[in-house]
Structures are given as C-alpha cells and as structure tokens.
Amino acid sequence: MKTRDFYYDLPEELIAQHPADRRDGSRLLYVKADGSYKDLMFADILELLHPEDVLVLNNTKVLPARIFGARPGREERIEVLLVKDLGADLWQCMVRPGKKLKLGGEIVFPEGLRGVVEAITEDGLRHIRFCYEGVFYEILEKLGQMPLPPYIHETPEDPDRYQTVYAKYLGSAAAPTAGLHFTEDLFKRIREKGVAVAEVTLHVGLGTFRPVKVENIEEHHMHSERYRIDEAAAETIRRAQAVGGRVIAVGTTSIRTLESCMQKHGAIVADAGDTDIFIYPGYEFHCVDAIVTNFHLPESTLLMLVSAFAGKDVILDAYRHAVEARYRFFSFGDAMFLERGAR
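The following refers to the structure shown. (Residues numbered from 1 in each chain as written. Predicted model: local features only at pLDDT ≥ 70, side-chain atom pairs only at ≥ 80, totals over all residues. Heavy atoms only, no water.)

**Some details on the pattern of salt bridges**
Pairs can form between side chains of opposite charge once their charged atoms are near each other.
Line of reasoning, step 1. Across all of its chains, the model carries 23 salt bridges by this definition.
Line of reasoning, step 2. Residue Arg-246 pairs with Asp-53 through a salt bridge whose shortest N-O separation is 2.8 Å. Pair noted here: Arg-246 is in the loop between helix H5 (231-242) and strand E14 (247-250) and Asp-53 is in the loop between helix H1 (45-48) and strand E3 (54-58), with a separation of 193 residues, a long-range link.
Line of reasoning, step 3. A residue is classified by how much of its surface remains accessible, and Asp-53, at 2% relative accessible area, is buried.
Line of reasoning, step 4. Of the charged contacts, one joins Asp-271 and Lys-264 as a salt bridge, the two residues approaching to 3.0 Å between their closest N and O atoms.
Line of reasoning, step 5. The exposure class of Asp-271 is buried, given its relative accessible area of 10%.
Line of reasoning, step 6. Exposure remark for Lys-264: the relative accessible area of 49% places this residue in the partly exposed category.
Line of reasoning, step 7. Beyond isolated ion pairs, a larger network of salt bridges with shared partners links Glu-231, Glu-235, Arg-238 and Arg-239. (Salt bridge = Lys/Arg side-chain N within 4 Å of Asp/Glu carboxyl O. Helix = DSSP H or I, 4+ residues; strand = E, 2+ residues; numbered from the N terminus. Buried < 20%, exposed > 50% of the residue type's maximum accessible area, 1.4 Å probe, protein only.)

Here is the structure:
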C-alpha cells in the first residue's frame, strides 16, 4: 500500500488556528458502520453512546516541553523540544538548529538548567542529559513553552485549552487532541447515562506525528511511546465487554494503548511498557469498537490508523464531505465518531 493512497486535498483556511469557543461546541461527523454519515455537534455524542459502553481516555498531560538556551559563551538561541523521558535526567530531544549542538556539546538555559548531548540518533534526535538543582518539572513550568504543532500559528490565550480536562500525568510532547472536546458537565451526563469511563496513559511523542517518508507504508517505522494501564482501568474495560458494552477509544493514542496490550496479553490487563505499534489497513482490531477522533493530516500514520478501522474509502469519502461542509481540521478542529466498518 502506497503513502499517496492516503492523500486528500485540504484548503489551508480549514486548518483550525484556535479552539472553539466552548470545548463541546465543535462539530461532530458521525460515520456509521455502513459508511454513511451524519453532521452533528459534539455535545450530541451523548445520543451515540449506549448504557454499559466504556469510554477510554488518555490522561497524559502535555509538558511545557519547548525550551530555549545557548551554547556557553554564544548568544545564538537554540531551541530544544523534549520528546521522551529516557530516565535518569536523560531526554530524547529535537534541537534547532541541530548542527549547532554536536556530540558532547553543552547548552545552558535559564533557571540554572544545563544539558550535555550524550548521543545523536540516525534521524538527528539528541539524547541530552540535564543537570539542575530542585525539581525538573518545576523548572520546566517556569521556562518552558507549550509545544504547539507547526500548522498552528497562533498561540491560544488560555494554554489549558491544549490540555484535556482530565489530564493528569506530565510526559507528552503533544496533546491527545480528540479529548479536548469533553467538558466536566458532559462527563457528568455521560456517567448518568450508564456509560463507564476508564483512563489509560500514553505519553505522546514523535511516533504520532512523524511524516511517512517512504513510498510503501509497510516500510515506515514508528518511534516508541510509553504507556500504562492500571488494574482499575483494565477491570472497567473488561466489565463493559462482559455485558456486551462497546469499547470506545477517545483518540488514536488510546487505541494504540489498548491494541498494544492486546497484542502482548490477548486481553486487557494491567500493563506498562513502550510501544511502536503501527496500525494501517489490513490490521485486525482486537478491542476497540468505536472511536472518537479529530481529523488528521494527509498521508499521516493517524489517517492510516482510522482507515484501518473504518475502511480507507469510507474515511476518504467522509473527509471529502468534511472539506465541502467546511469542517475545521487538526488539533483545534472538529471531531469524528467512527463505528467499526469493513476494512
């Protein structure tokens, strides 16, 4: 299967530059299992949920992961984006301009933070070990900036709009954006309907957004990301499955968490580890029955994932409708509710 098979034409003005006025005020394209679709508002999602279903949320929290420093004695600013915590104060990072920071190179930041490059990967990422006094995340809160995607050119007035209302555990380089549409009041009504909610964690890294540069998608390799399912979440999901409820994943990160666990154990159990799972058409889903997701970039791994779930032709047809109907796309854009279809 070719990367170009997942291309669609998107007018630039449809790329959302700011969140909707209200979190649940976005539009929702409901794509049914038979490939037909219906235009709704996101708050209408309550009508699509059944008692005994379970919503699976990714409760990761976005780090203020973009920090700026300079080499000792130099004035030129160097941008560092923290991508993945490797442990013992060692982080996988993107660096711009990367050529300025070679192996063994040192970079100095405000707040007494310093870093040294200990390794450079084949794709140009730096492994930087940081030295500091105090608490690393508190230092980041003081000097870091929210790492918005490159297609967003306007910084939101309220940075919390790039966090879900249920974000708990710092560790992501980007938000699990499908969850940005939910509000506390909407969750209250969802629970009152008898729908369970389970929280898992996957810290979003480059694997989600890395461009597919190969012609044949089977040759693409995902970066690994760290995930965790605790026993309470696993039990909630198993309980819903036992009574015939649907497992509804909020976002592609929740899907990758659940499917990674299923590949390892054949069931949803308490689990933690790293995953580089790449889901594209032909993949057989083992857990997820429906998806809440945003609209994704052309030729992206995320578009391939939802195409595997609902069918490539169904997804591309729904995307063409969304363009014609002037939906808003990507991180701050509108959402879809996908029922499982023929693949």
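**Focus on the state of the cysteines**
Line of reasoning, step 1. Applying the stated criterion to the full structure yields zero disulfides.
Line of reasoning, step 2. Cys-93 forms no disulfide, and the closest cysteine sulfur to it belongs to Cys-131, at a distance of 13 Å.
Line of reasoning, step 3. Exposure remark for Cys-93: the relative accessible area of 0% places this residue in the buried category.
Line of reasoning, step 4. A relative accessible area of 47% means that Cys-131 is categorised as partly exposed. (Disulfide = S-S within 2.5 Å.)

**Observations concerning the sheet that holds strand E10 (residues 126-131)**
Line of reasoning, step 1. Pairing in this open sheet of six strands is antiparallel, and the strands run E5-E6-E7-E10-E9-E8 from one edge to the other. Two strands in the sheet have a free side with no partner beyond their single neighbour: strand E5 (66-69) and strand E8 (106-108). Between one strand and the next, the sheet's axes are offset by a mean angle of 40 degrees, whatever the strand orientation.
Line of reasoning, step 2. Here four bridges tie E5 to strand E6 (residues 78-87), and the two strands are oriented antiparallel to one another. Among the inter-strand pairings, Arg-66 is bridged to a residue of E6, identified as Leu-81. (Pairing = 2+ DSSP bridges. Axes fitted to C-alpha atoms, helices over the stretch in contact; angles between N-to-C directions.)

**Some details on the packing of helix H6 (residues 252-265) against helix H7 (residues 301-310)**
Packed helices, taken two at a time, are described by the angle their axes make and the gap between the axes.
Line of reasoning, step 1. Viewed as axis vectors pointing N to C, H6 and H7 meet at an angle of 65 degrees, and their least axial separation amounts to 11 Å. Read as a crossing pair, H6 and H7 show a hand that is left-handed. Counted together, Thr-252, Ile-255 and Arg-256 of H6 and Leu-302, Leu-305 and Val-306 of H7 form the full contact between these two elements.
Line of reasoning, step 2. Residue composition of the contact of H6 with H7, grouped by class: four nonpolar, one polar and one charged. (Left-handed = near helix turned anticlockwise from the far one by under 90°. Contact = heavy atoms within 4.5 Å. Nonpolar A, V, L, I, M, F, W, Y, C, P; charged D, E, K, R; others polar.)

**Things to note about the sheet that holds strand E15 (residues 271-275)**
The strands making up a sheet associate through hydrogen bonds between their backbones, and the pairing can be parallel or antiparallel.
Line of reasoning, step 1. With mixed pairing, the nine strands of this open sheet are ordered in space as E2-E1-E17-E16-E14-E3-E12-E13-E15. Either end of the sheet is taken by a strand with one partner, and the two such strands are strand E2 (37-41) and E15. Direction aside, neighbouring strands of the sheet carry axes that sit 20 degrees apart on average.
Line of reasoning, step 2. This element, H5, spans E3, strand E12 (196-202), strand E13 (225-229) and E14 of the sheet and lies at about 135 degrees to E12.
Line of reasoning, step 3. H7 contacts strand E16 (290-294) and strand E17 (335-339) of the sheet and is inclined by roughly 35 degrees relative to E17.

**What to know about H5**
Line of reasoning, step 1. If you check H5, its first and last C-alpha atoms are 16 Å apart, about what twelve residues at 1.5 Å a residue would give, namely 16 Å.
Line of reasoning, step 2. Looking at H5, one finds that the buried residues are Ala-233, Ala-234, Thr-236, Ile-237 and Ala-240. Buried residues of H5, seen end-on, are gathered within an arc of 160 degrees and therefore sit on one face of the element. Of the residues in H5, the exposed ones pointing more than 90 degrees away from the buried face are Ala-232 and Ala-242.
Line of reasoning, step 3. For H5, the side-chain oxygen to backbone nitrogen distance between the N-cap and Ala-232 is 3.3 Å, and the N-cap itself is Asp-230.
Line of reasoning, step 4. In the segment just after H5, Gly-244 is the residue with positive phi, at about 85 degrees. (Expected span 1.5 Å × (residues − 1). Arc of directions from axis to C-beta. Polar contact = N/O pair within 3.5 Å; in protein donor to acceptor, adjacent residues only side chain to side chain.)

In short, geometric facts, not functional conclusions.
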